[in-house]
Amino acid sequence: MTALNPSLAARVARAPASMFKAQLAGRLGLIVLLLAPCFACSRGVRGEIYVPPYQPVWKGRHKLPSYRVGLPGAGWEPLAGEGLQAVWQHSTDPAIIQVHGECEDHGDSDLEDFTDHQRIDYSEWKILEEPTGEIDAEGRPRMRKQQYYTTIAEREALRTTVRANLDGAAVMVEYVVLKKDGCLFDLTFIAVPRAFEQHTGEFQTVIDGFEFPIRR
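Reading the values: rules and limits
Residues numbered from 1 in each chain as written. Predicted model: local features only at pLDDT ≥ 70, side-chain atom pairs only at ≥ 80, totals over all residues. Heavy atoms only, no water. Helix = DSSP H or I, 4+ residues; strand = E, 2+ residues; numbered from the N terminus. Buried < 20%, exposed > 50% of the residue type's maximum accessible area, 1.4 Å probe, protein only. Contact = heavy atoms within 4.5 Å. Areas by Shrake-Rupley, 256 points an atom, 1.4 Å probe, with all protein chains shown as cover. Core = buried A, V, L, I, M, F, W, Y, C linked by side-chain atoms within 4.5 Å. Polar contact = N/O pair within 3.5 Å; in protein donor to acceptor, adjacent residues only side chain to side chain. Phe/Tyr/Trp six-rings, centres within 6.5 Å; stacked < 30°, edge-to-face > 60°. Salt bridge = Lys/Arg side-chain N within 4 Å of Asp/Glu carboxyl O. Disulfide = S-S within 2.5 Å.

Draft legend 1. The overall build of the protein chain, seen in detail. Scanning the protein chain for helices and strands turns up 5 helices and 14 strands. A buried classification covers 48% of the 216 residues belonging to the protein chain. For the protein chain, long-range pairs separated by at least 24 residues make up 56% of all intrachain contacts whose partners lie at least 6 apart in sequence. Within the structure as shown, the protein chain displays about 10,800 Å² of accessible surface, and the carbon and sulfur contribution to it stands at 49%.

Set out below in structure tokens:
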């Protein structure tokens, strides 16, 4: 499964907010699209629907699914580029939201294994903890990992919040993974720590709008 592009994540971590857009567009060669519905586009998100670019079946691109996503709203700009599906960068804060799906070639690992596999791009990967509201025998608050199962698009999904280090820079990652109808999807939100909390609601909007297969 393709996780968030490491080079893209590195730009999130290192770029000053005022230069973030220019560095992404210039160094990665990504095309910034309009947030308005783009029914004439040949690939990427058309309104709220991701449609894979056409390729002959022998190239294997038929294994990429079409799906619906929620739009993160004002301040988020869609990106298009080789290997990217539904991706947005924030216009002022170093933050990226990405949705990716693939069918048939993802293997049979469970959701925890798929999540754990993401750590290979990072020098540090620590699942955050939160208090349960209970006290242990020594009077200390009990803690639990911020990793839990939920339901998305009528399927079980695993959601994980992580503090990570990428090329020496601290980032926060929220990662959601699910399987449905032979396809594997990951929905990722990555940002520098100072910008993370203020944009989790916009990531939730993308998740809430996720639909596969698409019902017309």
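After presenting the structure, the write-up continues.
Draft legend 2. Focus on the nonpolar core. By size, the foremost hydrophobic cluster in this structure holds 29 residues, and its most contacted members are Y67, W88, V99, L187, F189 and F210. Among the secondary structure elements, those contributing two or more residues to this core are β6 (86–90), β7 (95–103), β13 (169–180), β14 (183–191) and α5 (200–208). Take this core: its biggest share by element is 5 residues, from β14. If we ignore the near neighbours within four places in the chain, the residues touching L187 are Q98, V99, E174, Y175, V176, L178, F203, I207 and F210. In this structure, L111, F114, Y122 and W125 belong to the second largest nonpolar core, which totals 19 residues.

Draft legend 3. Local environment of the side chain of H199. With respect to the helices and strands, H199 occurs in the loop between α4 (193–196) and α5. Residue H199 is classed as buried on the basis of its relative accessible area, which comes to 5%. Polar contacts involving the side chain of H199 include one to the side chain of D93, which spans 2.7 Å. Aside from chain neighbours lying at most four places away, what touches H199 is W76, H90, D93 and F189.

Draft legend 4. The arrangement of the packing of aromatic side chains in detail. Enumeration according to the criterion identifies 8 aromatic pairs in this entry. Put simply, the rings of Y50, Y67, F185, F210 and F212 touch in pairs and so form one group of aromatic residues.

Draft legend 5. Representation of the pattern of salt bridges within the structure. Summed over the entire model, instances satisfying the criterion amount to 6 salt bridges. Measuring nitrogen to oxygen at the nearest pair gives 4.0 Å for the salt bridge that ties D93 to R194. Taken together, the residues span a long stretch of sequence, with D93 in the loop between β6 and β7 and R194 in helix α4 at a distance of 101 residues. Residues D116 and R119 are paired through a salt bridge, measuring 2.8 Å at the closest nitrogen-oxygen approach. The class for D116 is partly exposed, based on a relative accessible area of 38%.

Draft legend 6. Representation of the state of the cysteines. Across all of its chains, the model carries 1 disulfide by this definition. Two residues share a disulfide in this structure: C103 and C183, whose sulfurs sit 1.9 Å from each other. For the disulfide bridge between C103 and C183, the dihedral angle about the S-S bond is near 90°, and by the sign convention the bridge is right-handed. With C103 in strand β7 and C183 in strand β14, the pair connects residues that are 80 residues apart, well separated along the chain. For C183, a relative accessible area of 4% corresponds to the buried category.

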